[in-house]
Structure formats: C-alpha cells, structure tokens
Amino acid sequence: MKRALKPVIGSALGTVAIAFLAVIAVVFVSIPPVSAKTISLNYANFPPAPTFPCVQMEQWKTVVETRTDNAVRINTFPGGTLLGPKEMMDGVISGQADIGCLCMAYQPGRFTVTNAVSLPLGIPDSKVGSLVLTDLFNAYKPKAFDKVKVLALFTTAPANIMSRKRVATLGDLKGMDLRASGGAAEILKIWGANQIGMPMSATPEALQKGVVQGLFSSLEVMKDLKFAEECPYATLTNTVVYPFAVVMNLDRWNALPQAVKTVMENLSREQAVWTGTYMDNHVNDAVEWSKKTHGVEFVELDDASAATWNKALAPITQRWITTASEKGFDGKAIVDTIQHLVDQHTKGE
Ligand code: DTR
C-alpha cells in the first residue's frame, strides 16, 4: 500500500505543477503586453458608475488607450473611491489623482467664468451647452484652471423638478424642500421652494430618508440613480445646465510624451460633442423608461405658466453681472459671449 502511494503523490504533484504553469500561461497570454514604457494614469470621479460623468470617463479612457496604441493605460475610479465631489480640483492639483472629473457648481465661488453657463440663458440641451462651455473656456482661459491641464468640458442637459408631490404651479412648489446644487439656490428661492444643497452622490440617501421631497437636476438621474422609484412626478421647466471639467495634474501632464498630449488635446472638443449627444439621448431614454417602468407623470407647464416661471428668473443674470464685476471680471462681456455662443451652436453653426 505504502509503495503504491508514491506514484499517486508524484502524479498529483505533476498535475499541480502543470496546472500552475497553465495558470501562469493564461495570465500572461490574457494580459495585453504592457511595456516598461506604459504610462498609467488614475482617473477619479465622484458619482456612481452608471451616471453620465462616469460613462463619459469610460468613453474617454477607451479612446485614449486605443489612439495611443495602449501606450497609456487609464485606471478609472468611479463612486468617489479616489476623490469625493468637493475635493476633486485640489486632489488633482496635489496629485492624489492624475485626472479628475468635477462639477463646478459644487464650488460656486471658485469657477466664476465657467459657472456663468449655469445662468438662465436658454441653453436648450447638453450638446449646445458643452460646445458653449468649451468655446467660453478657450476664449477666456480662466485663471481658476491655471494649476491644472483641462482635458475636456461638458454640461448636463437642462434641469427640471423631480418630486414626490405633483407640481404644476408656483403655489404647489411653495415651501417644498428640494435638493439642488450651486446657483439653483437662487432659482428655487425665487420660485418659493427651499434649496437643500448637496452633491448628487448624497442625494439617493436624502430622498430615501425624506430629508428632501425631491430634487432639481437633469432628468437622466431618474433612471441612472433610480429616482423614478422615489419621485412619481417630474415638472418640465428646462431651466439651467451645469458645467463639468475633466482636469489633469500639471506635472503629470508636462511629463507626457508629445504624441500622447496631441491625442488628448485633439480629443477635447470631440469629447464635448460625444458627451452632449450621449446625455441628450439618454435623457429621452430615461423619460421613456420612467413612464413605462414606474408610471412617472411628466407635467408640462402651459405657455403662460412657463413664461411666468422664466420671467421671474431674469434678475439673476443682472445680479450675477454685478457680483462678477465686483470680483474683477467683465460680467457683461461674459454673458454677451455666452448668449452669442448659444445662438451660434443652437443654429448648429
Ligand atoms: N445638476 C448637477 C449635476 C448632475 C446632473 N446629473 C448628474 C449625475 C451625477 C452627478 C452629477 C450630476 C447636480 O444636480 O448635481
């Protein structure tokens, strides 16, 4: 019996060794060759993976990796796993992440020029908003971005009200606690609602716990963050868009080979158009999904009400011009530039 065991153990060891070699072989075959020169970059994002800032991040990653023949590898970190919503800019400046995606509305005082696209100036959709923001940035090269390299800019689609209670008149909105970010505080105040400020990533919990009775944002979150489950009503105000920037640490940028820099720079405008188009289509998809899956009612304001709601917001832009001018910006020129760009891109020029 003892003698018979030896070949069994021997062959068992042989099998283990072969299996081990096979695993090593599979690992080496299935990992694409990473040369010593591969540049690895960490890209941080704050909201959950299914939301549009993260979808555009994955698209950007794929394009950059493909166009650099995998000389660059992008490691993506959605859901605030590397940097949170309000620490994005400083985290990239200090090098905690190489690249980060930030919503400028979360730091309203910091990005004066680019946050001006959030004024009620009639930006109709995300594609137009993204092109307006990109051109505005290139025209002004705002100082707020001096410590980073800006890789891409885009905006959301216009914001609407999503709520537990049906809202069809300003009276319905009176006293309602709505989650919103940035300049929306002024808008909601004028309409008689209370703004509860927090980043999008904190909103699912606030809705579930009843801390807020709804939110004010673009409608794609009805599907992406399942707000259709909490909000049976959406009121279509199509009010303002929110600007985002994808920024890179300057030292990491300066260390990139010129060919890689060229790929990223050439991608900037294309990324704005890709994200805008994705967002606009995805909003339509989210609306249909919310109606079909959760029976959400989308309340449309009649022309007279829409005019009243919009007219009430007119002083916001004038006030912004005054405040920006006090801070040393030519507020009137910035607003004029945006209005001109909105006209131009709405016409598709
Ligand atoms: N409207 C801004 C930005 C925003 C819109 N959709 C998403 C999705 C995920 C993160 C941010 C946003 C806001 O309400 O925060």
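Below or above, wherever it landed, is the structure these notes cover. Every chain is numbered on its own, with residues counted from 1 as its sequence reads. Totals for whole chains, interfaces and linings use every residue, but because this is a predicted model, local features are given only for residues with pLDDT of at least 70 and side-chain atom pairs only at 80 or more, for both listing and counting. Hydrogens are left out, water is left out, and the side-chain values use all remaining heavy atoms of the structure.

**A closer look at the site of the ligand**
Okay, step 1: Put simply, a residue is near a molecule or strand once any heavy atom of it comes within 4 Å of that molecule or strand. Around the ligand sit 16 residues, and of these Tyr106, Arg179, Ser217, Glu220 and Tyr242 come closest.
Okay, step 2: We call two N or O atoms a polar contact when they sit within 3.5 Å, provided that within protein one can donate a hydrogen and the other can accept it, with sequence-adjacent residues counted only if both atoms are side-chain atoms. Within the side chain of serine 181, one N or O atom sits 3.5 Å away from an oxygen atom of the ligand.
Okay, step 3: Side-chain polar atom of serine 217 to a nitrogen atom of the ligand: 3.0 Å apart, as the coordinates give it.
Okay, step 4: Protein contact buries 100% of the 350 Å² of open area that the ligand shows by itself.
Okay, step 5: Grid points spaced at 1 Å over the protein atoms alone were grouped into cavities, where a 1.4 Å probe fits but cannot get out, and pockets, open sets with protein on both sides within 12 Å along at least five of seven lines, with lining residues defined by an atom within 4 Å of a point. Placement in a cavity or pocket follows one criterion, namely that more than half of the molecule's atoms lie within 2 Å of its grid points. Counting atoms within 2 Å of the grid points, the majority share of the ligand lands in the largest cavity.
Okay, step 6: Split by residue class, the shell around the ligand holds nine nonpolar, five polar and two charged. To measure how exposed things are, a 1.4 Å probe is used in the Shrake-Rupley method; for residues, cover is taken only from the protein chains shown. Only Asp, Glu, Lys and Arg are considered charged in this grouping, and only Ala, Val, Leu, Ile, Met, Phe, Trp, Tyr, Cys and Pro are considered nonpolar; every other residue, Gly among them, is considered polar.

**Considerations on the packing of helix H13 (residues 314-326) against helix H14 (residues 331-346)**
Okay, step 1: To obtain each axis, a line is fitted to C-alpha atoms, and for helices this fit is confined to the stretch in contact; angles are then taken between N-to-C directions over 0 to 180 degrees. Helix and strand definitions follow DSSP, with helices as H or I runs of at least four residues and strands as E runs of at least two, each counted in order from the N terminus. Orientation of H13 relative to H14, taken along the N-to-C sense of each, is 135 degrees, at an axis distance of 8 Å. In terms of axis orientation, H13 runs oblique to H14. Facing Thr317, Trp320, Ile321, Ala324 and Ser325 of H13, the residues of H14 in contact are Gly331, Lys332, Ile334 and Val335.
Okay, step 2: Considering only residue class, the contact of H13 with H14 consists of five nonpolar, three polar and one charged. What sets the label is the angle itself: under 35 degrees gives roughly parallel, over 145 gives roughly antiparallel, 65 to 115 gives roughly perpendicular, and the rest give oblique. Here, two residues are considered to be in contact whenever any of their heavy atoms come within 4.5 Å of each other.

**Digging into the environment of serine 40**
Okay, step 1: Tracing the backbone shows serine 40 in strand S1 (residues 39-44).
Okay, step 2: C-alpha separation for the pair serine 40 and valine 72, spaced 32 residues apart in sequence, amounts to 5.9 Å.
Okay, step 3: In this structure serine 40 touches Arg73, Asn75, Asp98 and Arg252, once residues within four positions along its chain are discounted.
Okay, step 4: Only 2.9 Å separates the side chain of serine 40 from the side chain of asparagine 75, close enough to count as a polar contact.

**What to know about the sheet that holds strand S2 (residues 72-77)**
Okay, step 1: Pairs of strands are assigned from DSSP output, requiring at least two bridges between the strands. Taken in spatial order, the five strands of this open sheet run S2-S1-S3-S10-S4, and their pairing is mixed. A strand with exactly one partner marks an edge of an open sheet, and here the two such strands are S2 and strand S4 (148-155). Sheet twist, expressed as the average angle between the axes of neighbouring strands with direction ignored, equals 20 degrees.
Okay, step 2: Pairing of S1 with strand S3 (residues 99-103) involves two bridges; the strand directions are parallel. Residue pairing in the sheet places alanine 44 in a bridge with glycine 100 of S3.
Okay, step 3: Sitting on the sheet, helix H2 (residues 52-67) is in contact with S1, S2, S3, S4 and strand S10 (243-249), with an inclination near 165 degrees to S2.
Okay, step 4: Set on the sheet, helix H5 (residues 126-140) makes contact with S4 and S10; between it and S4 the angle comes to about 150 degrees.

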